[in-house]
Amino acid sequence: MKVALIQLAGGTGDKTADIALACEKIRGAAANGADFAVLPEMFCCPYDSACFRDFSEAAGGQAQSALSRLAGELGIYIVGGSVPELADGNVYNTSYVYDRQGRELARHRKAHLFDIDVAGGQRFFESDTLTPGDQITTFDTEFGPMGLCICFDLRFEELARCMALRGAKCIFVPAAFNMTTGPAHWELLFRQRAVDNQCFTVGISPARNMDASYAAYGNSLAVDPWGTVLCRAEGEATVLYAELDLSKIESVRSQLPILSARRMDMYELREL
C-alpha cells in the first residue's frame, strides 16, 4: 500500500489557491502510483482560531467537492487533511476521506480540542471557536480497515487502542504540532502509538512557516508496527512516499503478542 504524505505550504488565507495547490500535489501523487494521498490539518485555512468560522464550509463545500471530484477522477483514496466544517451553527475541525470513486468514505470531527498553555511556550485554545466531535472513526478499504484522528487526538491512547481493536491497520493523523510540542513529542507519539497497537501510523503536517501566527513543526512521517520510522520530512513543503507492507502487522503481533495477551480480567479504569 503506497501512501503519499503531502506536506503543504497551505493555510495562506487564500482558500481557492490552497485547494488548487493541494489538488496539484494529489495529481502528482496519483501519477507516482500512490494508493492514498494524505493532506495536513487545516490545509486550506490559517491555523488561527479567529479564522476557523470565516473559512468554514457546510456539507458539500468548496474543499470537499474538489477532493471528492479528484478522488473519482484519479481513482485514488484521499484523506483530506482537515477543514473547518459548519454544521448546525457549530464549527468542527473535520477530516473527510474519499474512496477511489469519489464517494465520502469517512468523516472525523476532532474529538479532543487543542487547549494548551505551556509555560514559556505555546498558548492556544481551539475551544474558543470549535466544537468537539464524539466519534471513533475507522473506515474499510480494499487493504482492510483504517483509522483516522486529528492532531491532539493522538495523545489519547484509548482512542488509538479503540481503532486498533476495530482492526485498523494504519492510523492516519492530519496534524499541526507546533514548535514547542513538535520537537518534544511528535516522533515519540507516532512511534509510541505504532508500538502500542502494532499498526502503522502516518502523520501529515503543514510545512513550517515561521511568519505565520501559528508555526507548524512539519516533519511528516510514517512509522511501522515495530516503531521504525519509514520516512520523515523536515520543515519545508514536500511530498514523501511510504510503502506500507501490511503483512508486517501480523508478523510483529505473532512475535510480540501484546494485543492478544491483554489481561482484561485485571484491568479496571478508575477516575483520578
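Before reading further, recall that the structure is shown in the block above.
I will try to describe carefully the structure that is included in this document. (Residues numbered from 1 in each chain as written. Predicted model: local features only at pLDDT ≥ 70, side-chain atom pairs only at ≥ 80, totals over all residues. Heavy atoms only, no water.)

### Focus on the environment of Gln101
By secondary structure assignment, the location of Gln101 is in the loop between β5 (90-98) and β6 (104-109). Gln101 gets classed as exposed once you look at its relative accessible area, which sits at 51%. Separated by 44 residues in the primary sequence, Gln101 and Glu57 place their C-alpha atoms 22 Å from one another. A distance of 2.9 Å separates a polar atom in the side chain of Gln101 from a polar atom in the side chain of Arg103. (Helix = DSSP H or I, 4+ residues; strand = E, 2+ residues; numbered from the N terminus. Buried < 20%, exposed > 50% of the residue type's maximum accessible area, 1.4 Å probe, protein only. Polar contact = N/O pair within 3.5 Å; in protein donor to acceptor, adjacent residues only side chain to side chain.)

### What about helix α4 (residues 157-165)?
Buried within α4 are the following residues: Leu159, Ala160, Met163 and Ala164. Taken end-on, α4 shows its buried residues confined to a sector of 135°, consistent with a single buried face. Its buried side turned inward, α4 meets β9 (137-141), β10 (144-148), β11 (170-174) and α5 (181-197). Of the residues one or two after α4, Gly167 is the one with positive phi, at around 100°. (Arc of directions from axis to C-beta. Contact = heavy atoms within 4.5 Å.)

### Thoughts on a nonpolar patch on the surface
On the surface, Trp226, Leu256 and Ile258 cluster together into a nonpolar patch covering about 280 Å² of accessible area. Among the structural elements, Trp226 can be located in the loop between β13 (221-223) and β14 (229-232). Look at Trp226 and you get partly exposed, because its relative accessible area is 46%. (Patch = residues over 30% accessible without salt bridge, like charges linked within 9 Å, V, L, I, M, F, W, Y side chains within 5 Å. Areas by Shrake-Rupley, 256 points an atom, 1.4 Å probe, with all protein chains shown as cover. Salt bridge = Lys/Arg side-chain N within 4 Å of Asp/Glu carboxyl O.)

### Points about the packing of α4 against α5
Put simply, α4 and α5 touch, their axes get as near as 10 Å, and they point 45° apart. Considered as vectors, α4 and α5 are oriented oblique to each other. For the crossing formed where α4 meets α5, the hand is right-handed. Here Glu157, Ala160, Arg161 and Ala164 of α4 come into contact with α5, specifically with Arg193, Asp196 and Asn197. Of the residues assigned to the contact of α4 with α5, the class counts are two nonpolar, one polar and four charged. (Axes fitted to C-alpha atoms, helices over the stretch in contact; angles between N-to-C directions. Parallel < 35°, antiparallel > 145°, perpendicular 65-115°, else oblique. Left-handed = near helix turned anticlockwise from the far one by under 90°. Nonpolar A, V, L, I, M, F, W, Y, C, P; charged D, E, K, R; others polar.)

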